[in-house]
Amino acid sequence: MLSTQTAKAPRGFGFRLKVFGIPVTVEITFVLMAVLLGSNRRADAAPLIEWIGVVLVSVLFHELGHALIDLLRGHAKFQQVIT
Ligand SMILES: [Zn+2]
């Protein structure tokens, strides 16, 4: 579900952003899985959106930990991919 890559950007659908200068790609499959896992919150949109936000931020911080380790190990080129 998650990976740290040092190669080129993924080719799947999704959106890209930078967090603390670190390029991050959030693939659409991540959002779809978050929606699926939060399916019991579908009755109202607000709890589902909250759920997706919590999952995204949680996973993002986890992946930023990988990025920090990459930086400390001297890997200059990396990107975080949340799939
Ligand atoms: Zn991890």
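Up top is the structure these notes are about.
Predicted model, so just to flag it, every value in this text is computed and none were measured. (Residues numbered from 1 in each chain as written. Predicted model: local features only at pLDDT ≥ 70, side-chain atom pairs only at ≥ 80, totals over all residues.)

### Topic: the overall build of the protein
Across its full length, the protein carries two helices and four strands. The order of helices and strands in the protein, counted from the N terminus, is β-β-β-α-α-β. Here the protein holds 83 residues, and the buried ones make up 11% of them. A fraction of 50% describes how many contacts in the protein between residues 6 or more apart in sequence connect residues 24 or more apart. (Helix = DSSP H or I, 4+ residues; strand = E, 2+ residues; numbered from the N terminus. Buried ≥ 20, exposed ≤ 12 C-beta atoms within 10 Å, placed from the backbone. Contact = placed C-beta atoms within 7 Å.)

### Regarding the pairing of strand β2 (residues 14-19)
Burial of β2 is sparse: only zero of the six residues sit out of reach of the surface. Alignment of β2 against strand β3 (residues 22-27), held across six bridges, turns out to be antiparallel. Bridge pairing in β3 places Val19 opposite Ile22. Here β2 hands over to β3 after two residues, with Phe20 in that stretch at a positive phi of 50 degrees. (Pairing = 2+ DSSP bridges.)

### Concerning the environment of Pro23
Looking at the element boundaries, Pro23 is found in strand β3. Sequence separation of Pro23 and Ala67 is 44 residues, and the distance between their C-alpha atoms is 9.9 Å.

### Let's talk about unusual backbone geometry
A positive phi angle, near 50 degrees, is found at Phe20, a position not held by glycine. Position of Phe20 among the secondary structure elements: in the loop between β2 and β3.

### Regarding helix α2 (residues 45-72)
Compared with an ideal rise of 1.5 Å per residue, which puts 28 residues at 40 Å, α2 spans 40 Å between its outermost C-alpha atoms and is within 8% of the ideal. Where α2 terminates, the next one or two residues include Gly74, which has phi positive at roughly 90 degrees. (Expected span 1.5 Å × (residues − 1).)

### So, the packing of helix α1 (residues 28-37) against α2
Where α1 contacts α2, the two axes come as close as 9 Å, and the packing angle between them is 125 degrees. Between α1 and α2, the crossing angle belongs to the class labelled oblique. Every pair of crossing elements has a handedness; the one defined by α1 and α2 is right-handed. Contact residues: Val31, Ala34 and Val35 in α1; Leu48, Trp51, Ile52 and Val55 in α2. Tallied by class, the residues present in the contact of α1 with α2 amount to seven nonpolar, no polar and no charged. (Axes fitted to C-alpha atoms, helices over the stretch in contact; angles between N-to-C directions. Parallel < 35°, antiparallel > 145°, perpendicular 65-115°, else oblique. Left-handed = near helix turned anticlockwise from the far one by under 90°. Nonpolar A, V, L, I, M, F, W, Y, C, P; charged D, E, K, R; others polar.)

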